[in-house]
Amino acid sequence: MASNDITSAVPAAIDLVLAENIAISEAIIRDSAETVPAAIAMLTTAKRVFVLGSGRSGLALRMLAMRLMHLGLHVHIVGDVTTPAIRAGDLLVAASGSGTTAGVIRSATTAANANAQIIAVTTAASSPLASLADVAIVIPAAQKQDHGATRSRQYSGSLFEQALLLLGDAMFHTMWKNSGASAEELWPRHANLE
């Protein structure tokens, strides 16, 4: 690809990503008017919050975990060596586009057996992950193996992962504003061993 082609292709790609994210955000707002506030209430009242996702979904949830920690919540990332056992009163936030990721399903099953609450974020309302959840937020994006470009022209689950990040930031922002705390009050919790 020539340099001039790249110069024009990048703005077009940015426009595509933004347009798809605006459309998916509108769908989440329209279709999740009950589930997102319920998820925020669960986050606010949980003793401890555990987050779990594989690949890029996991990266998006790690970003949410950091913001929840800034709010003063006790947050753990499943799989880290210091993550304790989940138990009743705790909350697992699990994401899987397909809702069938084996490791995510195993952990969600363990959480359910421990009487912890579960928030699932998925594209599939009838998936095993959604069926384990107390609250399932459905993001109507393409799954990784959906290469038909009917829901997204982006590659392999990108829209789901981007929407997961936006949803997490929007939930954090809502919780932060509801807390009444200033940015200066949250900042001392930011990592200082960098």
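These numbers were taken from a predicted model, which means no experiment stands behind them. (Residues numbered from 1 in each chain as written. Predicted model: local features only at pLDDT ≥ 70, side-chain atom pairs only at ≥ 80, totals over all residues. Heavy atoms only, no water.)

> Is there a simple way to explain the packing of helix 2 (residues 35–45) against helix 6 (residues 158–179) in this structure?
The interhelical angle for the contact between helix 2 and helix 6, taken along N-to-C directions, is 60°, at an axis separation of 11 Å. In terms of orientation, helix 2 lies oblique with respect to helix 6. Between helix 2 and helix 6 lies a crossing whose hand is right-handed. When helix 2 is examined against helix 6, the residues Val36, Ala39, Ile40, Leu43 and Thr44 are found in contact with a partner set consisting of Leu167, Met171, Thr174 and Met175. Looking at the contact of helix 2 with helix 6 residue by residue, the class counts come to 7 nonpolar, 2 polar and no charged. (Axes fitted to C-alpha atoms, helices over the stretch in contact; angles between N-to-C directions. Helix = DSSP H or I, 4+ residues; strand = E, 2+ residues; numbered from the N terminus. Parallel < 35°, antiparallel > 145°, perpendicular 65-115°, else oblique. Left-handed = near helix turned anticlockwise from the far one by under 90°. Contact = heavy atoms within 4.5 Å. Nonpolar A, V, L, I, M, F, W, Y, C, P; charged D, E, K, R; others polar.)

> Just checking my understanding: could you explain the sheet that holds strand 5 (residues 135–138) for this structure?
Where strands meet in a sheet, backbone hydrogen bonds hold them as pairs that are either parallel or antiparallel. The strand order across the open sheet formed by 5 strands is 2-1-3-4-5, and the pairing between neighbours is parallel. The open sheet has two edge strands with one neighbour each: strand 2 (75–77) and strand 5. For this sheet the average axis-to-axis angle between neighbouring strands, irrespective of direction, equals 15°. Bridge count for strand 1 (residues 49–53) against strand 2 is 3 bridges, and the pairing is parallel. What sits directly across from phenylalanine 50, in strand 2, is histidine 76. (Pairing = 2+ DSSP bridges.)

> Any chance you could explain a nonpolar patch on the surface here in plain terms?
A cluster of nonpolar residues, Ile6, Val10, Ile14 and Leu18, forms a patch on the protein surface that exposes about 350 Å² of accessible area. Tracing the backbone through its elements, the reader meets isoleucine 6 in helix 1 (residues 3–31). Overall, the relative accessible area of 42% leaves isoleucine 6 in the partly exposed class. (Patch = residues over 30% accessible without salt bridge, like charges linked within 9 Å, V, L, I, M, F, W, Y side chains within 5 Å. Areas by Shrake-Rupley, 256 points an atom, 1.4 Å probe, with all protein chains shown as cover. Salt bridge = Lys/Arg side-chain N within 4 Å of Asp/Glu carboxyl O. Buried < 20%, exposed > 50% of the residue type's maximum accessible area, 1.4 Å probe, protein only.)

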